[in-house]
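Overview (structure and organization)
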Amino acid sequence: MQDGRDGGMVPLLDAIVNEIGPPNDLAACDNEPFTFAVNNISTDPYLGRLVTGKVHSGRVKPGSKVKLLSREGQILTASSSVSAVFVMRGTERTPTDSAQAGDIVVLAGVDGAGVADSIVAPSVDAPVP
């Protein structure tokens, strides 16, 4: 071909690999503080308020100490504890021992959270962007 497309998709794929890089090292999750973005809120008659969202960094497990930040970074709850962590299997919530960066999970025990708030480790001062 005369229009510069001799390499097919190879140059595009090489550019993607060079610019984006490999996925996060999941072993490094233990070295990063926990951050979680709230995307959905629901309630359970036994567990109370449930928040669904994505773990952006670190790990969380039942009993983890966290704080709640607004999207502007204001502290809404200075100290709270996650009472349960669930993964969704279809429409069923399944308890899990822990979740790490990249997981989409449901957390129980963090009262007062709203959509777009961040649930973070006590050492974190900034909300999830």
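You'll find the structure just up there.
As a convention, each chain's residues are numbered from 1 in the sequence order in which they are written. In keeping with the predicted nature of the model, local features appear solely for residues at pLDDT of at least 70, side-chain atom pairs appear and are counted solely at 80 or more, and the whole-chain, interface and lining totals rest on all residues. Here the side-chain values reflect all heavy atoms present in the structure, with hydrogen atoms and water set aside.

1. Section: the overall build of the chain
- In this description a helix means any DSSP run of H or I spanning at least four residues, a strand means any run of E spanning at least two, and both kinds are numbered starting from the N terminus. Within the chain one finds 1 helix and 10 strands.
- Scored against the burial criterion, the 129 residues of the chain give a buried share of 33%.
- Residue contacts follow a heavy-atom distance rule, with two residues in contact if any of their heavy atoms lie within 4.5 Å. Sequence-distant contacts, at least 24 apart, represent 63% of the contacts inside the chain between residues at least 6 apart.
- All accessible-area figures derive from a Shrake-Rupley calculation using a 1.4 Å probe, and residue coverage is judged against the displayed protein chains alone. Accessible surface, the chain as shown: approximately 8100 Å² in total, 53% of it carbon and sulfur. Whether a residue is buried, partly exposed or exposed follows from its accessible area with a 1.4 Å probe, protein chains only, as a fraction of its type maximum: under 20%, in between, or over 50%, in that order.

2. Overview of the sheet that holds strand β2 (residues 48-57)
- Pairing between two strands requires that DSSP report at least two bridges joining them. Strands sit in the order β5-β4-β10-β1-β2-β9-β6-β7 across an open sheet of 8 strands; the sheet is antiparallel. If you trace the sheet from one side to the other, it starts and ends with β5 (75-81) and β7 (92-95), each paired once. Geometrically, the sheet is characterised by an average inter-axis angle of 35 degrees between neighbouring strands, direction not taken into account.
- Alignment of strand β1 (residues 35-44) against strand β10 (residues 118-120), held across 3 bridges, turns out to be antiparallel. If you follow Thr-35 over to β10, its bridge partner there is Val-120. Axis definition: a line fitted to C-alpha atoms, over the contacting stretch in the case of helices. Angles run 0 to 180 degrees between N-to-C directions.

3. As for a nonpolar patch on the surface
- Residues Met-9, Leu-12, Leu-13, Ile-16 and Ile-20 make up a contiguous nonpolar surface patch of about 510 Å² in total accessible area.
- For Leu-12, the position within the fold is in helix α1 (residues 10-20).
- By relative accessible area, Leu-12 is classed as partly exposed at 46%. Patches here are clusters of residues that have more than 30% relative accessible area and form no salt bridge, with a 9 Å joining cutoff for like charges and a 5 Å cutoff for nonpolar side chains (Val, Leu, Ile, Met, Phe, Trp, Tyr). What counts as a salt bridge is simple: a side-chain nitrogen of Lys or Arg found within 4 Å of a carboxyl oxygen of Asp or Glu.

4. Quick look at the nonpolar core
- Put simply, buried Ala, Val, Leu, Ile, Met, Phe, Trp, Tyr and Cys residues joined by side-chain atoms within 4.5 Å make one nonpolar core. Counting residues in hydrophobic clusters, the biggest one holds 21 residues, and the most contacted among them are Phe-34, Phe-36, Val-105, Leu-107 and Ile-119.
- Of all elements in the fold, only β1, β2, β4 (65-69), β6 (84-89), β9 (104-108) and β10 reach the threshold of two or more residues within this core.
- Residues in contact with Leu-107, not counting those within four places in the same chain, are Phe-34, Phe-36, Arg-49, Leu-50, Val-51, Val-60, Val-82, Ala-84, Val-85 and Ile-119.
- Counting 5 residues, the second-largest nonpolar core is a separate cluster that includes Leu-50, Phe-86, Val-106 and Ala-108.

From the geometry alone we can't say anything about function, so treat these as descriptive.
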